[in-house]
Amino acid sequence: MFLDRWLKPRPAKAAGAKLYASAVGQARSAIFYRDYGVRDSMEGRFELFSLHVIFLVERLKGQGDAAAETSQAVFDAYVKGLDDAFREIGVSDTSVGKKMKKLAGAFYGRLKAYDDAVASLPETAATSGFIARNALEERGEGDAAALTGYVIKVREALAAQPLDALLQGDVTWPNP
């Protein structure tokens, strides 16, 4: 009983894990790969997982200490998920750290590029360019306009959701 207080995860950590799991579920929606032209590969999935984590981080940004702690917990769950994925596919322990450092840099680069792209909304050319560069097939295939529309729809949906629900780990994603 005494140790329960110490061993029980902090609410933000539990909420972050729940939000991350929800983001992964949304990023795995077949429509992104089948209809929008996102690469159905490790790289394409990384892009969609990252994009959905970025949505959550963006929504929680500047919303107080509890939101900052929850945002950090989402990011921590994301990093752990990537680490676990590398280990599952057989990447050696000595290589995982190097790959994780590279992916962390890629994530922060995408976060900066995403912030720059959405700063131009409602004009969507920069956001479409960001989407096309990062998520779509290399041969120029894919529907950047539809995926950009989804990005705008997600941002609006998350902005409309109560902060308290997000801090409990509850998020409702719009249909892609």
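By the naming in an unreviewed UniProt entry, the protein is Ubiquinol-cytochrome C reductase, taken from Caulobacter vibrioides.

**With respect to the overall build of the protein**
A tally of helices and strands in the protein yields nine helices and zero strands. Its helices and strands in sequence order give the protein the pattern α-α-α-α-α-α-α-α-α, from N to C terminus. Sequence separation of at least 24 residues holds for 67% of the intrachain contacts in the protein that already meet a minimum separation of 6. Taken as a whole, the protein presents about 9,800 Å² of accessible surface, with 56% of it coming from carbon and sulfur.

**Focus on the packing of aromatic side chains**
According to the stated counting rule, one finds six aromatic pairs in the structure shown. On the basis of an interplanar angle of 75° and a centroid distance of 6.3 Å, the ring pair of Y20 and Y78 is categorised as edge-to-face. With a gap of 58 residues between them, Y20 in helix α2 (residues 11–27) and Y78 in helix α5 (residues 65–88) connect regions that are remote in the sequence. Y78 gets classed as buried once you look at its relative accessible area, which sits at 2%. Their ring planes at 75° and their centres at 5.7 Å tell us that F32 and Y36 sit as a pair that is edge-to-face. A relative accessible area of 0% means that F32 is categorised as buried.

**Comments concerning the confidence of the model for the protein**
Summing up the model confidence of the protein, the mean pLDDT is 83 and the portion of residues at 70 or higher is 82%. The spread of mean pLDDT over the elements of the protein runs between helix α1 (residues 2–7), the lowest at 59, and helix α9 (residues 163–167), the highest at 96.

**Section: the nonpolar core**
In terms of nonpolar packing, the biggest core is built from 47 residues, with F55, Y78, L147 and W173 touching the most fellow members. Taken together, the elements giving at least two residues each to this core come down to α2, α3 (30–34), α4 (42–60), α5, α6 (93–118), α7 (125–134), α8 (144–160) and α9. Here the element with the most residues in this core is α4; it accounts for ten residues. In this structure, W173 is in contact with S22, A23, Q26, H52, F55, L56, Y150, V154 and L158, ignoring residues within four places of it in sequence.

**What to know about empty space enclosed by the protein**
Overall, the coordinates contain one cavity of 30 Å³ or more when judged by the stated rule. The calculated volume of the largest cavity comes to roughly 60 Å³. Lining of the largest cavity is provided by E47, S50, L51, I54, R110, F130, I131, N134 and A135. Broken down by secondary-structure element, the contributors of at least two residues to the lining of the largest cavity are α4 and α7. If one sorts the elements of the lining of the largest cavity by residue count, α4 sits on top with four residues. Per-class residue counts for the lining of the largest cavity are five nonpolar, two polar and two charged.

How each quantity is defined
Throughout, residues of each chain are indexed from 1 in the direction in which the sequence is written. Totals for whole chains, interfaces and linings use every residue, but because this is a predicted model, local features are given only for residues with pLDDT of at least 70 and side-chain atom pairs only at 80 or more, for both listing and counting. Only hydrogens and water are set aside; all other atoms, that is, all heavy atoms of the structure, feed into the side-chain values. The way it works is that DSSP assigns letters per residue, a run of H or I at least four long becomes a helix, a run of E at least two long becomes a strand, and they are numbered from the N terminus. When checking whether two residues touch, look at their non-hydrogen atoms; a contact exists if any pair is within 4.5 Å. Only the protein chains shown count as cover for residues, and all accessible areas are computed by the Shrake-Rupley method using a 1.4 Å probe. The pairing test for Phe, Tyr and Trp rings, Trp by its six-membered ring, is centres within 6.5 Å, and the orientation test on the planes gives stacked under 30 degrees, edge-to-face over 60, and tilted for anything in between. Each residue's exposure class comes from its accessible area (1.4 Å probe, protein chains only) as a fraction of the maximum for that residue type: buried when under 20%, exposed when over 50%, partly exposed otherwise. For every residue, the predictor assigns a confidence score, pLDDT, that lies between 0 and 100. Each nonpolar core is a collection of buried residues, namely Ala, Val, Leu, Ile, Met, Phe, Trp, Tyr and Cys, held together in the definition by side-chain atoms within 4.5 Å. Think of a 1 Å grid over the protein atoms and nothing else: a 1.4 Å probe that fits but is trapped marks a cavity, an open set flanked by protein within 12 Å on at least five of seven lines marks a pocket, and residues with an atom within 4 Å of a point count as lining. Grid points are joined across faces, edges and corners, and a volume is the space filled by probe spheres set on the points. Gly counts as polar in this scheme, as do all residues outside two lists: the nonpolar Ala, Val, Leu, Ile, Met, Phe, Trp, Tyr, Cys and Pro, and the charged Asp, Glu, Lys and Arg.

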